[in-house]
Amino acid sequence: MSAALTDVLHVRTPEGVSFDFRIASPVIRLAALAVDWAVVMAAWSLIAVFVRVLSAFNEDLTGMVAVIAYFLLSQGYRIGAEWIWRGQTLGKRMLRLRVVDEEGRRLTFEQVAMRNLLRFVDALPLAYMVGGVFALLSPRGQRLGDLTAGTLVIWEPVEPMPDFDIMRGEKYNSLRAHVPVMARLRQSIAPEAARTAWQALLRRDELDAAARVRLFAELAAYFRAMTRVPDELVDGVSDEQFVRNVVDVLYVTRG
Amino acid sequence: MIVNLERFIALERPRWERLDAMLSRISEDPWRRLPFDEVRELEGLYQRASADLARLGTFAAEPEARRYLENIVARGYTEIHGAPDKAERFRPGAWLARTLPTVWRRRAQAFWFALALMTAGAVFGGAAIALDPEAKAALIRLPKLQGDPAERVAYEEKSHGKDLVDRKARFSGMLMTHNTQVTLAAMAFGMTWGIGTLILMFHNGVILGAVAADYVMAGQTKFLLGWLLPHGVVELPAILIGGQAGFVLAGALLGRGQRKGVAARLNAVKADVVTLCFGAALMLVWAGLVEAFFSQYHEPVLPYAVKIAFGSVELTALVLYLAFSGRGAVTGTRT
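Residues numbered from 1 in each chain as written. Chains lettered and ligands numbered in written order. Predicted model: local features only at pLDDT ≥ 70, side-chain atom pairs only at ≥ 80, totals over all residues.

## A word on the overall build of chain B
Moving on, step 1. From N to C terminus, chain B includes 12 helices and 0 strands.
Moving on, step 2. In sequence order, the secondary structure elements of chain B are arranged as α-α-α-α-α-α-α-α-α-α-α-α.
Moving on, step 3. A compact globule built from 335 residues would reach a C-alpha radius of gyration of about 20 Å, whereas chain B, at 29 Å, exceeds it by more than 25%.
Moving on, step 4. Along the three orthogonal principal directions, the C-alpha set of chain B runs to about 95 × 45 × 40 Å.
Moving on, step 5. For chain B, the share of sequence-separated contacts (at least 6 apart) that also reach a separation of at least 24 residues comes to 85%. (Helix = DSSP H or I, 4+ residues; strand = E, 2+ residues; numbered from the N terminus. Rg over C-alpha atoms; globule rule 2.2 N^0.38 Å. Contact = placed C-beta atoms within 7 Å.)

So this is what it looks like as C-alpha cells:
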C-alpha cells in the first residue's frame, strides 16, 4: 500500500504511553527534496562568487577548492543538516518533515550517513525513480536508503494549544442552580453527544453566522429532548449559551 | 465521563506549555547544550506529559487536547530516547588509529572477495589485450591511453610534466571527487544483492589489466610502475574498500546462515559500512594529491626508482596500518 498522509507509525513508549507519528507521503518528501536542491544551488551560487574573486590570485588552487566544495556541498549538505538539526534539512524544516529511526527515536550518525550515501542508488536511473518506487511500495514510505538505515520520514503538523477557555467558569450557569437537572443531564447524555457539543463550542468561530445559529439550535433541541429542563432555567438563554451550560455541567465538577 | 477537566487542564497546562517551549528551543538551536537542571526538568516534564496523555486517553474527552499532548510527547520522546549526544562520541584520532583498521579486519572477508573479483577482471583484461590487441579500443576508453605506450612515454619524458602546469590542484580535486563517487557507488550497489558491486569491481579490474598488459607488452613496465604505484597503491585499496562495504551490505541483505531478520542484519552492519566509506574517502584524498602532484612527473624530473620506492613504502605502511593498527581494541558492531 502506498504511504499516504494518514499512514502512521504507532509508538508505545517505555512510560506506557501510545501515540502515532504521521508518515510523510512521497509527494511532500519530493517537495522537500526540491527545496533542498534549490538550497544547494543557492549556496553554490554564493560560493561561486567567492571562487571567481579568488581565482584572480591563484586559478589552479581555486579550481581545486571549487571542485571539492561543490562535491561536499552536494553530497554532504544533507548529512550535515540532518545530523545537526536532528533529522531535518532546510527543506524538511520548511515542510515540517523529520527523519527518525523506525522506533521514532533520534538518529545516530551512522543512520544519517547511510540513508544519504544510499541516495546514489535511490536516484537511479533519474529523478529518484528507484527511491520513489520503494517509497510507494513500502508500508512506511521508506526509500532504499531508509530501509537500509532503519529510518523513516514523519510529518509533524503544527498542533496549537487548544482553546480551553470555554471551560472557564466565570459566567453564571443557570443549570447549576438545579441539581436534579444536572444529575439527569449527566445520566442521559451519551459521551459522543457531549463530545460533539464540546467540539462545536471549540470551533464556533470557524462557522458562518447562519450555520452557527442552526447548529446550536439543533444541539440545544437535542439536549432539551433528552431531559426536561424547567423553563425558568432557560428563559433568556440563547441556544449557544444553553449548550455551553450543558457542556460545563458535563465536564466540570465545581467544588 | 464526568471528570473535572477544567481543573485538570488548568493544573497541567503550564507544564505542557513549558515542555513545548523547551522542545522548540532545542529544535531551533541544536548546538545548545542543556544544563543539568534543564535536562532533569525536561525529563520530568516529559514524564508528566506522558502521564497526562494516558489520563486524557481514559477520559476520552477532547481530541484536540489529546493531539496537542501527543505532539509534545512525541517530540519529547524523540529527544529523550534518541541517540547519545554526538559531541561525546566522535574522536578522530581514535577512529583513525583503532576503529577503521579494526572494522576493516572484521570485514576482511568481503575485502578479499572484492580483491579476487578485481584480480579476475585484471586477468581477463590483460588476456584480452594479449590475445586481441584490437580489443584495446573497446576496453580502454581514455583517449590518452589509446595510443602507443612507447610514444606516450617518450612524450611524457620530454614534456617534463608541463601538461599539468597551473592545473595540478584542480586535477587533484577532480580525481578525489570522481574516485570517491566510484567508491560510494561500489558501496551503494551492495543493495542490489551485491550484483552492482560485483560488476563494478570486475570492470575496474578489466581496465587496470588491459592498461597494464598494454604497457608491459610494449616494454614500458618500469614507466607503468612509476606512474601507477605512487597513487594506485592507495587508490585501488580505497576502491576495494568501497567494494568491501558493498559486499558487507549485500551479505546482510542475503543473510546466509543468519537467523535475524533483514532489518536487524542491516542494522548490525551499518556502522561498519559507514566507517569503511569514510575511510576510503579519506584515502582517496591522499591518492588524489599524490596522483596530481607526484605521479604525473616522470624521468628525468623524477627517477622511476624513486617513484616505485615511494609507492612501495606507501603500500607497506597501508598494509601494516590495516593489519596491525588498533589490535586488541573492540569497536563497532558485530554480526
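## Some remarks on the overall build of chain A
Moving on, step 1. Across its full length, chain A holds 12 helices and 4 strands.
Moving on, step 2. Relative to the 2.2 N^0.38 estimate, which gives 18 Å for 255 residues, the radius of gyration of chain A is 28 Å and therefore markedly larger than a compact globule would have.
Moving on, step 3. Across its three principal directions, the C-alpha atoms of chain A cover 95 × 40 × 35 Å.
Moving on, step 4. The contacts of chain A with a sequence gap of at least 6 include a subset with a gap of at least 24, amounting to 63%.

## As for helix α4 (residues 109-117) of chain A
Moving on, step 1. Counting buried positions over the 9 residues of α4 of chain A gives 8, a clear majority of the element.
Moving on, step 2. Residues of α4 of chain A that are buried include every one of Glu110, Gln111, Val112, Ala113, Met114, Arg115, Asn116 and Leu117 of chain A, and no others. (Buried ≥ 20, exposed ≤ 12 C-beta atoms within 10 Å, placed from the backbone.)

## Digging into the pairing of strand β4 (residues 151-155) of chain A
Residue and element names in this part refer to chain A.
Moving on, step 1. The element β4 is largely enclosed, with a buried count of 4 among its 5 residues.
Moving on, step 2. Sheet topology note: the strand β2 (residues 18-23)/β4 ladder contains 2 bridges and is antiparallel. Considered in β4, the bridge of Arg22 is made with Trp155.
Moving on, step 3. Strand direction decides the pairing type here: strand β3 (residues 97-101) and β4, joined by 5 bridges, are antiparallel. Along β4, the bridge assignment pairs Val99 with Val153. (Pairing = 2+ DSSP bridges.)

## Describing the sheet that holds β3 of chain A
Residues and elements named next belong to chain A.
Moving on, step 1. If you walk across this open sheet you meet the 4 strands as β1-β2-β4-β3, and the pairing is antiparallel. The sheet is open, and its two borders are formed by β1 (8-12) and β3, each paired with just one other strand. Averaged over neighbouring strand pairs, the angle between their axes works out to 50° when direction is ignored.
Moving on, step 2. Direction of pairing for β1 relative to β2: antiparallel, over a ladder of 5 bridges. Paired with His10 across the bridge in β2 is Asp20. (Axes fitted to C-alpha atoms, helices over the stretch in contact; angles between N-to-C directions.)

## Focus on the interface of chain A and chain B
Moving on, step 1. The interface of chain A with chain B comprises 53 residues on the first partner and 57 residues on the second.
Moving on, step 2. Class assignment of the residues belonging to the side of chain A that touches chain B gives a composition of 34 nonpolar, 10 polar and 9 charged. (Nonpolar A, V, L, I, M, F, W, Y, C, P; charged D, E, K, R; others polar.)

## Brief notes about the domain arrangement of chain B
Moving on, step 1. When the domains of chain B are assigned, the result is domain 1 (5-88) and domain 2 (93-324).
Moving on, step 2. Here the C-alpha centroids of domain 1 of chain B and domain 2 of chain B sit 51 Å apart. (Domains from an automatic or database assignment.)

## Here we look at the packing of helix α5 (residues 108-131) of chain B against helix α10 (residues 221-254) of chain B
All names here are of chain B.
Moving on, step 1. α10 packs onto α5 with a crossing angle of 120° between their chain directions and a minimal axis gap of 8 Å. As judged from the angle between their axes, α5 and α10 are oblique. Between α5 and α10 lies a crossing of right-handed hand. Note on element contacts: α10 touches α5 through Leu240, Ile241, Gly243, Gln244, Phe247, Val248 and Gly251, opposite Ala110, Phe111, Phe113, Ala114, Leu115 and Met118.
Moving on, step 2. A per-class count over the contact of α5 with α10 returns 10 nonpolar, 3 polar and no charged. (Parallel < 35°, antiparallel > 145°, perpendicular 65-115°, else oblique. Left-handed = near helix turned anticlockwise from the far one by under 90°.)

## So, the pairing of β2 of chain A
Moving on, step 1. Residues of β2 of chain A alternate between two faces, with Phe19, Phe21 and Ile23 of chain A buried on one and Ser18, Asp20 and Arg22 of chain A left unburied on the opposite face.
Moving on, step 2. A loop of 5 residues connects β1 of chain A with β2 of chain A, the two strands running antiparallel in sequence, and Gly16 of chain A in this loop sits at a positive phi of about 85°.

## A short note on the environment of Asp52 of chain B
Residues and elements named next belong to chain B.
Moving on, step 1. Mapped onto the elements, Asp52 comes out in helix α2 (residues 36-59).
Moving on, step 2. Judged by the 23 C-beta atoms lying within 10 Å of it, Asp52 falls in the buried class.
Moving on, step 3. Asp52 sits 18 residues away from Glu70 along the chain, and the two C-alpha atoms are 9.9 Å apart.
Moving on, step 4. Once you skip the residues sitting within four places of it in the chain, Asp52 turns out to touch Glu12 and Leu69.

## Here we look at the environment of Phe50 of chain A
Moving on, step 1. Mapped onto the fold, Phe50 of chain A is located in helix α1 (residues 26-54).
Moving on, step 2. Sequence separation between Phe50 of chain A and Ala66 of chain A is 16 residues; the distance between their C-alpha atoms is 9.5 Å.

## As for the confidence of the model for chain A
Moving on, step 1. For chain A, per-residue confidence averages 85 on the pLDDT scale, and 92% of positions sit at 70 or higher.
Moving on, step 2. With pLDDT under 50 throughout, residues 1-5 of chain A is counted as low confidence; its partners more than four residues away or in other chains account for 13 contacts. (pLDDT = per-residue confidence, 0-100.)

## Description of unusual backbone geometry
Moving on, step 1. Residue Pro125 of chain A follows Leu124 of chain A across a cis peptide bond; omega there is -15°.
Moving on, step 2. Examined against the element boundaries, Pro125 of chain A turns out to sit in the loop between α5 (119-122) and α6 (129-137).
Moving on, step 3. The peptide bond linking Glu299 of chain B to Pro300 of chain B adopts the cis configuration, its omega dihedral lying at 10°.
Moving on, step 4. With respect to the element layout, Pro300 of chain B can be found in the loop between α11 (262-295) and α12 (304-324).
Moving on, step 5. In this structure, Trp193 of chain B takes a positive phi of about 60° despite not being glycine.
Moving on, step 6. Position of Trp193 of chain B relative to the elements: it lies in the loop between α8 (168-188) and α9 (195-217).
Moving on, step 7. With 14 C-beta atoms packed within 10 Å, Trp193 of chain B lands in the partly exposed category.

## A closer look at the nonpolar core
Looking at soluble globular proteins, one finds that nonpolar side chains tend to be buried together.
Moving on, step 1. Of all hydrophobic cores here, the largest spans 115 residues; its most connected members are Ala188, Val273 and Cys277 of chain B.
Moving on, step 2. Here this core gets 19 residues from one element, more than from any other, and that element is α10 of chain B.
Moving on, step 3. Setting aside its immediate chain neighbours within four residues, Val273 of chain B contacts Met114 of chain A together with Met187, Ala245, Val248 and Leu249 of chain B.
Moving on, step 4. Counting 17 residues, the second-largest nonpolar core is a separate cluster that includes Trp198, Phe223, Val243 and Tyr251 of chain A. (Core = buried A, V, L, I, M, F, W, Y, C linked by C-beta atoms within 7 Å.)

## Some words on the domain arrangement of chain A
How big an interface is tends to be expressed through the accessible area that disappears when the partners come together.
Moving on, step 1. Partitioning chain A into structural domains gives domain 1 (8-155) and domain 2 (164-251).
Moving on, step 2. Taking the mean C-alpha position of each, domain 1 of chain A and domain 2 of chain A sit 50 Å from one another.

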